[in-house]
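# Remarks on the overall topology
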Amino acid sequence: MSGERKAILEAAASEFAEVGLKDSSMDSIAVRAGMEAGAVRALFVDKATLLRELLKEATDPLVSGIALAVEEIDDSREVVRKSLQLYDMWLVDNQEIVQIMVRCSLEGPESLQKLYESSLLPSEFYEQLQKIINKGELRCKDLFILSLMFDSLILLPHMLRAAVELMNPGQTAQQTLEMRFDAMIDLFENGLYAR
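Residues numbered from 1 in each chain as written. Predicted model: local features only at pLDDT ≥ 70, side-chain atom pairs only at ≥ 80, totals over all residues. Heavy atoms only, no water.

### Regarding the environment of L21
With respect to the helices and strands, the residue L21 is situated in helix α1 (residues 3-23). Classification of L21 as buried rests on a relative accessible area of 7%. For L21 and R103, which are 82 residues apart along the polypeptide, the C-alpha to C-alpha distance reads 7.4 Å. The residues touching L21, leaving out its near neighbours within four places in the chain, are F16, K47, L51, E107, S111 and K114. (Helix = DSSP H or I, 4+ residues; strand = E, 2+ residues; numbered from the N terminus. Buried < 20%, exposed > 50% of the residue type's maximum accessible area, 1.4 Å probe, protein only. Contact = heavy atoms within 4.5 Å.)

### Some remarks on a negative patch on the surface
A contiguous patch of negative charge, built from E71, E72, D74, D75, E78, E124 and E127, is present on the exposed surface. Within the secondary structure, D75 sits in the loop between α4 (47-70) and α5 (76-93). (Patch = residues over 30% accessible without salt bridge, like charges linked within 9 Å, V, L, I, M, F, W, Y side chains within 5 Å. Areas by Shrake-Rupley, 256 points an atom, 1.4 Å probe, with all protein chains shown as cover. Salt bridge = Lys/Arg side-chain N within 4 Å of Asp/Glu carboxyl O. Lys, Arg positive; Asp, Glu negative; His and termini not counted. Charge placed at Lys NZ, Arg CZ, Asp CG, Glu CD.)

### A closer look at the packing of aromatic side chains
Think of a pair of aromatic rings as described by two things: how far the centres are apart, and how the planes are tilted against each other in angle. The tally for this structure, following the rule as stated, stands at two aromatic pairs. When the centroid spacing of 6.4 Å and the interplanar angle of 20° are considered together, the rings of Y87 and W90 count as stacked. On the criterion of helical spacing, the pair formed by Y87 and W90 is a turn pair, its members being three residues apart in helix α5. Taking the relative accessible area as the measure of exposure, Y87 reaches 6% and is therefore buried. (Phe/Tyr/Trp six-rings, centres within 6.5 Å; stacked < 30°, edge-to-face > 60°.)

### Observations concerning the nonpolar core
Ranked by internal contacts, the top residues of the largest apolar core, which has 52 residues, are F16, L50, L84 and I100. When near neighbours in sequence (up to four residues on either side) are disregarded, L50 contacts I8, L9, A12, F16, M26, I29 and F44. (Core = buried A, V, L, I, M, F, W, Y, C linked by side-chain atoms within 4.5 Å.)

### Notes on the confidence of the model for the protein
Here the protein shows a mean pLDDT of 84. Residues at 70 or above account for 95%. When mean pLDDT is compared element by element in the protein, helix α2 (residues 26-33) scores highest at 94, while helix α10 (residues 161-167) scores lowest at 73. (pLDDT = per-residue confidence, 0-100.)

Spelled out as structure tokens, the structure:
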């Protein structure tokens, strides 16, 4: 990646995380990158293109990593567990992307749609989930509902990280996130109520 491209993507990540997609501008991103606005537009035309490239750059390793990690796994539970574990770890390492997701969520459906179209959808993970649904291996038959459930259980705690840490005083953020992930997998696999 060229130095200019990298500087612009880093500036855009900071801008989107701090002020959101709606309130950001190509001019302010150019200032952050220490470049002329025309040079930024020459590489990335507009904010939507810039967001798409930023998220593609950030999520490609995740999507590829999930595809490789589950390629040889036949057990549907293990496919889901491993995929969500990698997603969770990726979120820990990409707090700025989590902030962008928060901003896009708060800005409304259009920003959120741009976010999802530019990152995880479509992906091999969702194709794999659809195959698992089609085989009848999951009680949930709707990919959208399943995706909402995963995002609420995986992404939302990262968005509310400070609150999650308050609920478990005396533990590190990493310990709290690992404990939360184990609880989420247990809930997903075994249901909410004891039998």
